[in-house]
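Topology and contacts: notes
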Amino acid sequence: MSTETEPTTVRQSILVDAPVERAFRIFVEEFDRIKPHEHNLLEVDIAETIFEPRAGGHIFDRGIDGSECRWARVLAYEPPNRLLFSWDISPRWQIETDPDHASEVEVQFIADGPDRTRVNLEHRNLDRHGPGWESARDGVSGDGGWPLYLGRYRELVT
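This text gives an overview of the structure that appears in the document. The model shown is predicted, which means the values in this text are computed figures rather than measured ones. (Residues numbered from 1 in each chain as written. Predicted model: local features only at pLDDT ≥ 70, side-chain atom pairs only at ≥ 80, totals over all residues. Heavy atoms only, no water.)

Concerning the pattern of salt bridges
This structure, assessed with the given rule, holds 18 salt bridges. Across the salt bridge formed by arginine 11 and glutamate 122, the nearest N and O atoms sit 2.7 Å from each other. One end of the pair, arginine 11, is in strand β2 (residues 9–16); the other, glutamate 122, is in strand β8 (residues 117–124), and 111 residues separate them in sequence. Ionic pairing is found between glutamate 68 and arginine 62, a salt bridge with its closest N-O pair at 3.1 Å. (Salt bridge = Lys/Arg side-chain N within 4 Å of Asp/Glu carboxyl O. Helix = DSSP H or I, 4+ residues; strand = E, 2+ residues; numbered from the N terminus.)

Structure, rendered in structure tokens:
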């Protein structure tokens, strides 16, 4: 896994042993197993994380009591090559309701031969979160952020 961090952007890249269609499908369909349930903004434990596979959909956590926390909006859904979603979580780890204060996460799936895929993740415009945005950058780039998510994703693919 390679990591690159610029002031307002975090980039991660991994290779997985799967054709691009399968790599894309697993990322979306198994997102509940990629995102740790401990990463929780609900008042109760998470029962599941749902990735709605369409532009205009959401990524959200559903609590064991049925409550929901919609923490991302799917901005682009282009199987099997690209996903773009908002990051509607403020530096205080609360839901950000103003879309102008949300960052974006783009995930690209690029074939590297018939049975391998390069997955490039770019979390950008982190400064849109306003004061304290650096802590959001440090959180998503740290061991408990995108490196953890992509490591769990890689395990699912293999």
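There is more to say after this.
Digging into the nonpolar core
In this structure, Phe27, Val107, Phe109 and Tyr153 are the most contacted members of the largest nonpolar core, which totals 38 residues. The element that contributes the greatest number of residues to this core is helix α1 (residues 20–29), accounting for six residues. Excluding its chain neighbours within four sequence positions, the residues that come into contact with valine 107 are Phe27, Asn81, Arg82, Leu83, Phe85, Val119, Asn120 and Leu121. (Core = buried A, V, L, I, M, F, W, Y, C linked by side-chain atoms within 4.5 Å. Buried < 20%, exposed > 50% of the residue type's maximum accessible area, 1.4 Å probe, protein only. Contact = heavy atoms within 4.5 Å.)

Structural notes on the pairing of strand β3 (residues 46–51)
Pairing of β3 with strand β4 (residues 58–63) involves five bridges; the strand directions are antiparallel. In the strand pairing of β4, glutamate 48 is matched with arginine 62. Between β3 and β4, which pair antiparallel one after the other, the connecting turn spans six residues, and glycine 56 there sits at a positive phi close to 95°. (Pairing = 2+ DSSP bridges.)

Notes on unusual backbone geometry
The omega angle of the peptide bond from proline 79 to proline 80 is 0°, so this bond is cis rather than trans. With respect to the helices and strands, proline 80 occurs in the loop between β5 (68–78) and β6 (82–87). Even without being a glycine, tryptophan 93 presents a positive backbone phi close to 55°. With respect to the helices, strands and loops of the structure, tryptophan 93 is situated in the loop between β6 and β7 (103–111). A positive phi angle, near 60°, is found at asparagine 125, a position not held by glycine.

Side note on helix α3 (residues 133–141)
For α3, the full list of buried residues reads Trp133, Ala136, Arg137, Val140 and Ser141. Projected onto a plane normal to the axis of α3, the buried residues spread over an arc of 120° and lie on a single side. (Arc of directions from axis to C-beta.)

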